[in-house]
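Examining the three-dimensional arrangement
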Amino acid sequence: MEIIYTDQTGTGFLDSYIPLYEEIASKTARHLNLEDDFQLGVVAMTPEQIHAVNREYRQVDRPTDVISFALQDEPDAFRIPGEPLELGDIFISIQAVQDQAAEYGHSQKREAAFLFCHGLLHLLGYDHMTPEDETVMFGLQREILNGLAEKQV
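All of the points below concern the structure found in this document. In this text the structure is predicted, and so the values were computed from the model without any measurement.

Things to note about the environment of Met1
If you trace the backbone, Met1 turns up in the segment before strand E1 (2-7). Here the alpha-carbon distance between Met1 and Asp37, two residues 36 residues apart in the chain, equals 5.3 Å. Ignoring sequence-local partners within four residues, the contact set of Met1 consists of Glu22, Ala25, Ser26, Asp37 and Phe38.

See the structure below:
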């Protein structure tokens, strides 16, 4: 597993979360029995930056907390033999981490973990468009985050 980190905010936001994100990715791979080695990117963004991405690629004219761009939407997606499976990129708003942690009454660590896990599951093909899919995806998030980033402050 390889995670490529890019902090477009200039704040060093990702530095304190790298070990946590790598632990979440490893636990997710174990939990889902992923056999392939994989690679993904994580990009920390300001509200203005993620707003621009949301507007350009999703045609939603507002900032959001996390956006995932999966590269493996198709089962027959191109793959270089012997190379890690490239899952895609997760864009996380650092302001959303702060705001939502305060709103939900838990730590920023927990919110940063939740948004990363949520984005990772999207990269792996999970979604929450139907109540059934939401139950599955949010259940996986709880299982993966259990012991790593609890809801307590």
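What follows picks up the thread again.
Structural notes on the packing of aromatic side chains
With the rule as written, the count across this model stands at 6 aromatic pairs. Aromatic side chains Tyr17 and Tyr21 sit 6.0 Å apart centroid to centroid with 20° between the ring planes, which places their arrangement in the stacked category. The exposure classification of Tyr17 matches that of Tyr21, with both residues buried. Pairing Phe69 with Phe91 gives two aromatic rings, centres 5.4 Å apart and planes at 90°, and the pair type is edge-to-face.

Topic: the sheet that holds E1
Ordered by their spatial adjacency, 4 strands build an open sheet running E1-E2-E4-E3, and the pairing between neighbours is mixed. The open sheet has two edge strands with one neighbour each: E1 and strand E3 (66-70). Averaged over all adjacent pairs, the angle separating strand axes in this sheet is 15°, with direction ignored. Both E1 and strand E2 (residues 38-45) contribute to a ladder of 6 bridges, which runs parallel. The residue of E2 that forms the bridge with Glu2 is Gln39.

Quick word on the nonpolar core
Within the largest apolar cluster, 36 residues are counted, with the highest numbers of intra-cluster contacts made by Phe13, Tyr21, Ile24, Leu40, Ile92 and Phe116. Among the secondary structure elements, those contributing two or more residues to this core are helix H1 (18-31), E2, strand E4 (85-93), helix H3 (94-104), helix H4 (108-123) and helix H5 (131-145). The element that contributes the greatest number of residues to this core is H4, accounting for 9 residues. Residue contacts for Tyr21: discarding those within four places in its chain leaves Ile3, Tyr5, Phe13, Leu14, Val42, Ile92, Ala112, Ala113 and Phe116. Counting residues in each nonpolar core, the second largest holds 6 residues, with Met45, Val53, Ile67 and Phe91 among its members.

Overview of the side chain of Gln100
Along the polypeptide, Gln100 turns up in helix H3. Contact partners of Gln100, with chain neighbours within four places excluded, come to Asp65, His106, Glu111 and Leu115.

Section: H4
In a regular helix each residue adds 1.5 Å, so 16 residues correspond to 22 Å; H4 covers 22 Å between its end C-alpha atoms and thus fits that length. Of all 16 residues in H4, 13 are buried, a share of seventy percent or more. In the segment just after H4, Gly125 is the residue with positive phi, at about 100°.

Remarks on the packing of H4 against H5
Between H4 and H5, the least distance of the axes is 10 Å, while the angle of their chain directions is 130°. Overall, the two elements H4 and H5 adopt an arrangement that is oblique. Handedness of the crossing formed by H4 with H5: right-handed. Judged by residue contacts, Arg110, Ala113, Phe114, Cys117, His118, Leu121 and His122 of H4 engage Met137, Phe138, Leu140, Gln141, Ile144 and Leu145 from H5. Among the residues forming the contact of H4 with H5, the class breakdown is 9 nonpolar, 3 polar and 1 charged.

As for unusual backbone geometry
Although it is not a glycine, Asn33 sits at a positive phi angle of roughly 55°. With respect to the helices, strands and loops of the structure, Asn33 is situated in the loop between H1 and E2. Despite not being glycine, Gln59 shows a phi value in the positive range, around 55°. The residue Gln59 is located in the loop between helix H2 (47-58) and E3 in this model. Judged by relative accessible area, which is 62%, Gln59 ranks as exposed.

Scoring rules and cut-offs
Residues numbered from 1 in each chain as written. Predicted model: local features only at pLDDT ≥ 70, side-chain atom pairs only at ≥ 80, totals over all residues. Heavy atoms only, no water. Helix = DSSP H or I, 4+ residues; strand = E, 2+ residues; numbered from the N terminus. Contact = heavy atoms within 4.5 Å. Phe/Tyr/Trp six-rings, centres within 6.5 Å; stacked < 30°, edge-to-face > 60°. Buried < 20%, exposed > 50% of the residue type's maximum accessible area, 1.4 Å probe, protein only. Pairing = 2+ DSSP bridges. Axes fitted to C-alpha atoms, helices over the stretch in contact; angles between N-to-C directions. Core = buried A, V, L, I, M, F, W, Y, C linked by side-chain atoms within 4.5 Å. Expected span 1.5 Å × (residues − 1). Parallel < 35°, antiparallel > 145°, perpendicular 65-115°, else oblique. Left-handed = near helix turned anticlockwise from the far one by under 90°. Nonpolar A, V, L, I, M, F, W, Y, C, P; charged D, E, K, R; others polar.

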